[in-house]
Amino acid sequence: MTPSANDAFSDQDRAWMQRALALAGHARDAEGEVPVGAVLVDADQQVLGLGWNRNITLHDPTAHAEIVALRAAGEKLGNYRFPGSTLYVTLEPCAMCAMALVHARIARVVYAATDPKTGAAGSVFDTLVSERHNHRIEVGSGLLAEEAGAMLRDFFRSRR
């Protein structure tokens, strides 16, 4: 499943993506990071982990929003796998994040803006649904893409 229009998503999906956008704003405003936010919820719509980009702050190339959310979920649950969960993220996951999501057994990923340079959820690579892996993830794209894309464009314009 790869919806491309916002009407293909539920009100809950929109609410979680709004929360991810708020986290992206926090990354930008509080830490000067590239504005990407992520929210991981379980099948009962309970938050497992929140994340925002922290690469610069933590001096850690792996501290992408998705990885930060997965680490928080792991600490909360005492596990490294999260079957039945959904990750909402404001930017299409890169290859590193996509493989972490596969290993974590995430059921569904919903992302806002596509990443035409390094996206691994359909734009450049199709890692999340590859038949080469023993786990595939349902993907939904484009939810609140305009808002997420504008936030990213404005951030990079302000840095030039």
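These numbers were taken from a predicted model, which means no experiment stands behind them. (Residues numbered from 1 in each chain as written. Predicted model: local features only at pLDDT ≥ 70, side-chain atom pairs only at ≥ 80, totals over all residues. Heavy atoms only, no water.)

Here the UniProt feature "binding site: Zn(2+)" (unreviewed entry) sits at His64, Cys94 and Cys97. In summary, the annotated positions, though distributed over 34 residues, converge in three dimensions, the widest C-alpha pair being only 9.2 Å. One can find His64 in the loop between helix H2 (55–58) and helix H3 (65–77). If sequence neighbours within four positions are ignored, His64 has contacts with Trp52, Asn53, Asn55, Cys94, Met96 and Cys97. (UniProt positions renumbered as here; feature names shortened; annotations may be inferred. Helix = DSSP H or I, 4+ residues; strand = E, 2+ residues; numbered from the N terminus. Contact = heavy atoms within 4.5 Å.)

Turning to the UniProt feature "domain: CMP/dCMP-type deaminase" (unreviewed entry) in the protein chain, a few remarks are in order. UniProt records the feature "domain: CMP/dCMP-type deaminase" (unreviewed entry) for residues 11–125 in the present numbering. Overall, residues 11–125 shows 41% helix and 20% strand. The separation of its end C-alpha atoms is 29 Å.

Turning our attention to the nonpolar core. Leu87, Ile106 and Leu128 are the most contacted members of the largest nonpolar core, which has 47 residues in total. If you list the elements that add at least two residues to this core, you get helix H1 (11–31), strand S1 (37–41), strand S2 (47–52), H3, strand S3 (86–91), helix H4 (95–103), strand S4 (108–113) and helix H5 (145–159). The element best represented in this core is H1, accounting for seven residues. (Core = buried A, V, L, I, M, F, W, Y, C linked by side-chain atoms within 4.5 Å. Buried < 20%, exposed > 50% of the residue type's maximum accessible area, 1.4 Å probe, protein only.)

Let's shift gears to the side chain of Asp60. You can see Asp60 is positioned in the loop between H2 and H3. Those residues in contact with Asp60, other than ones at most four positions away along the chain, are Asn55 and Arg71.

Taking 1.5 Å of rise per residue, the 21 residues of H1 would be expected to cover 30 Å, and the 30 Å separating its terminal C-alpha atoms lies within 8% of that figure. Taken residue by residue, H1 has Asp13, Trp16, Met17, Ala20, Leu21, Leu23, Ala24, Gly25, Ala27 and Glu31 as its buried positions. Those residues of H1 that are buried are in contact with S1, S2, H2, S3, S4 and H5. N-cap assignment for H1: the residue whose side-chain oxygen lies 3.3 Å from the backbone N of Gln12 is Ser10. Directly beyond the C-terminal end of H1, a positive phi value near 65° is found at Gly32. (Expected span 1.5 Å × (residues − 1). Polar contact = N/O pair within 3.5 Å; in protein donor to acceptor, adjacent residues only side chain to side chain.)

The subject of this paragraph is H5. With 15 residues, H5 extends 21 Å from end C-alpha to end C-alpha; this agrees with the ideal 21 Å at 1.5 Å per step. If you follow the buried residues of H5, they end up packed against H1, S3 and S4.

Moving on, we come to the sheet that holds S4. The mixed open sheet is built from five strands, whose spatial order is S2-S1-S3-S4-S5. Of all the strands in the sheet, just S2 and strand S5 (138–141) have a single pairing partner and so form its edges. Across the sheet, the mean angle from the axis of one strand to that of its neighbour is 15°, orientation sign disregarded. Two strands pair when backbone bridges link them, and S3 and S4 are joined in this way by five bridges, in the parallel orientation. Bridge pairing links Leu87 to Val109 in S4. Docked against the sheet, H1 engages S1, S2, S3 and S4, running at close to 140° with respect to S1. (Pairing = 2+ DSSP bridges. Axes fitted to C-alpha atoms, helices over the stretch in contact; angles between N-to-C directions.)

All right, on to the packing of aromatic side chains then. For any two aromatic rings, the description comes down to two numbers: the centre-to-centre distance and the angle of the planes. Applying the stated rule across the entire model yields one aromatic pair. Between Phe155 and Phe156, the aromatic rings sit 5.2 Å apart at their centres with planes inclined by 80°, giving edge-to-face as the arrangement. (Phe/Tyr/Trp six-rings, centres within 6.5 Å; stacked < 30°, edge-to-face > 60°.)

What follows deals with the pattern of salt bridges. The final tally for this structure, using the stated rule, is seven salt bridges. Residues Arg71 and Asp60 are paired through a salt bridge, measuring 3.5 Å at the closest nitrogen-oxygen approach. Here Arg71, found in helix H3, pairs with Asp60, found in the loop between H2 and H3; they are 11 residues apart in sequence, far enough to count as distant. Among the charged side chains, a network of salt bridges with common partners joins Asp13, Arg108 and Glu138. (Salt bridge = Lys/Arg side-chain N within 4 Å of Asp/Glu carboxyl O.)

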